[in-house]
Each structure stands twice: as C-alpha cells, then as structure tokens.
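# Survey of secondary and tertiary structure
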Amino acid sequence: MNDQIQPAAAPTSASGTVRVFIALAPPDDAKEELARELRPAYRAYPGMRWNRIEDWHITLAFLGELPVAAVPLLQPPLAALAAAHRPLELALHGSGHFDHRVLWSGIGGEVHGLHLLTARVRAAVKGCGIAFEDRPLRPHLTLARSRRSDPSSAVEIAGTLTGFSGRTWQARRLHLVGSNIGRGPGPIHYRDIRSWEFIGRD
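These notes cover the structure that comes with them. (Residues numbered from 1 in each chain as written. Predicted model: local features only at pLDDT ≥ 70, side-chain atom pairs only at ≥ 80, totals over all residues. Heavy atoms only, no water.)

### Structural notes on helix α2 (residues 71–84)
With 14 residues, α2 should reach 20 Å at 1.5 Å per residue; the first-to-last C-alpha distance of 21 Å fits that figure. In this structure, the buried side of α2 is in contact with β1 (17–24), β3 (58–67), α3 (111–127), β8 (173–179) and β9 (190–197). (Helix = DSSP H or I, 4+ residues; strand = E, 2+ residues; numbered from the N terminus. Expected span 1.5 Å × (residues − 1). Contact = heavy atoms within 4.5 Å.)

### So, the layout of surface pockets
The volume enclosed by the largest pocket comes to roughly 980 Å³. Lining of the largest pocket is provided by 28 residues; of these, T59, F62, R135, H140 and R145 occupy positions nearest its centre. Secondary structure elements with two or more residues in the lining of the largest pocket: β1, β3 and β6 (140–145). (1 Å grid on protein atoms, 1.4 Å probe; cavity = no way out; pocket = protein on both sides within 12 Å on 5 of 7 lines; lining within 4 Å. Points joined across faces, edges and corners; volume = space filled by probe spheres on them.)

### Quick look at the pairing of β6
Looking at chain direction, strand β2 (residues 49–50) and β6 are connected through two bridges and run antiparallel. When the bridges of β6 are listed, W50 appears paired with A144. Bridge count between strand β5 (residues 102–109) and β6: five bridges; the pairing is antiparallel. Across the sheet, W104 pairs through a bridge with T142, a residue of β6. (Pairing = 2+ DSSP bridges.)

### Section: the packing of aromatic side chains
A complete count under the given rule lists three aromatic pairs for this structure. A centroid spacing of 4.6 Å and a plane angle of 85 degrees characterise the contact between Y42 and W50, whose relative ring orientation is edge-to-face. Since its relative accessible area comes to 29%, Y42 is described here as partly exposed. For W50, a relative accessible area of 21% puts it in the partly exposed group. (Phe/Tyr/Trp six-rings, centres within 6.5 Å; stacked < 30°, edge-to-face > 60°. Buried < 20%, exposed > 50% of the residue type's maximum accessible area, 1.4 Å probe, protein only.)

### Section: the sheet that holds strand β7 (residues 165–171)
Spatial ordering of the open sheet is given by β2-β6-β5-β4-β7, a layout of five strands whose pairing is antiparallel. In the strand order of this sheet, the two ends are held by β2 and β7, each with one partner. Judged from the five bridges that link them, strand β4 (residues 88–98) and β7 form a sheet pairing that is antiparallel. Among the inter-strand pairings, L88 is bridged to a residue of β7, identified as A171. α3 rests against β4 and β5 of the sheet, and its axis sits at about 105 degrees to β5. Contacting β2, β4 and β5, helix α4 (residues 153–160) crosses the sheet at an angle of about 135 degrees to β4. (Axes fitted to C-alpha atoms, helices over the stretch in contact; angles between N-to-C directions.)

### Points about the sheet that holds β3
Pairing between sheet strands relies on hydrogen bonds along the backbone, with the strands arranged either parallel or antiparallel. With antiparallel pairing, four strands are arranged side by side in an open sheet as β3-β1-β8-β9. The outermost strands of the open sheet, each flanked by one partner alone, are β3 and β9. Strand after strand, the sheet turns through a mean of 20 degrees between neighbouring axes, direction not considered. Where β8 and β9 come together, seven bridges link them in antiparallel fashion.

By themselves, these figures tell us nothing about what the structure is for.
Structure (structure tokens):
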C-alpha cells in the first residue's frame, strides 16, 4: 500500500463490485526492519505464500464485496474522522499464527487507541448504511500463508519471531483500500482508493 492522496480507480469485477477494507499502513522503514528479520525465513521457507511488503497493512474494518456506487458514500465520513483524529504511536511486535497457516506480526504501542479508532471507523461505515461482518479487532499484520500441504511452516516461523520488537512509528493516514482478491489466478494486490491524513489532537 502507498500513501497516495489522490483518489484512484479500484479493481472491480465484471458484476460492478469491489472488495474493500479500511486500514492503517506502517511506514517503509518499519516494514523494512521487519523484512530484514524475515530474511532467514524467506530463504528457508520458499513454499510460503509471502505477502508483498508494499501490501502490509493493519485492517480496521473488512467490508467485503461492495457495489462500486457504495464506495463514494464512505469517503466524506472517513475524511472527517481522520481530520479529527490524531496519529497513533504503534510498533510491530512479536508474531503468531491463525489456524496454523496464517503468519502474522503483532501490534504494540497505543493499542487501546487503535481499538477506539476502529470503533469510530466501523460506526462511520454503519452510518453510511453499509452492512459488514463486525468481528472483534485482533490487531495484526498478515505476513504469509502456508499451503494446505504444509501445516508447520507458519508455526515454525512464528516461533522465531516471538522476540521481535520493532521501533515505534506513527500511523499518520487512514486508508480506504480495494483488492483484486478472487479476480484471477495471480497474487493478491491492494490499492488505495483514497487515504486521509490524521490531523486532529484527540
């Protein structure tokens, strides 16, 4: 993901829908710090389906497939929310796995503030009349997925990263993101539809 400000066209399907989520993105130097820590795993586990470093993100609300016409409805309330919210101090910290297959990095720092921001983001989405599965937030950054024939790699890699503690950084932008998931055999790519700077003090 990048920090572009101008709106971009989202990847759409033939049925006129786009898969959308709202997220934060670590800055490049924080991602590169973790990527250096992962280099031995990149070499040792080439069968893992590694996410591109430019796509690393912290999902606040996953909205799923939306009609393209619904996306502009989200932009004014999200812009207003970002303008009123201050940046958060966060860090990449530790690691773990979901269902023995999904490798992730944990999030440290102002986690309570992250939960409050998430609640505000989800309230803004609901205020637009957009329904989505409102699952409890488990702050993380997804790094890779193992193949079904490889049940142990994610668990093993997570074990090597439990002591990782990255530098503190500021989450300065709120991202509205579209993905091409399910739109072909290639890798999943994400693209900012729009992003907004946090400029508030609270």
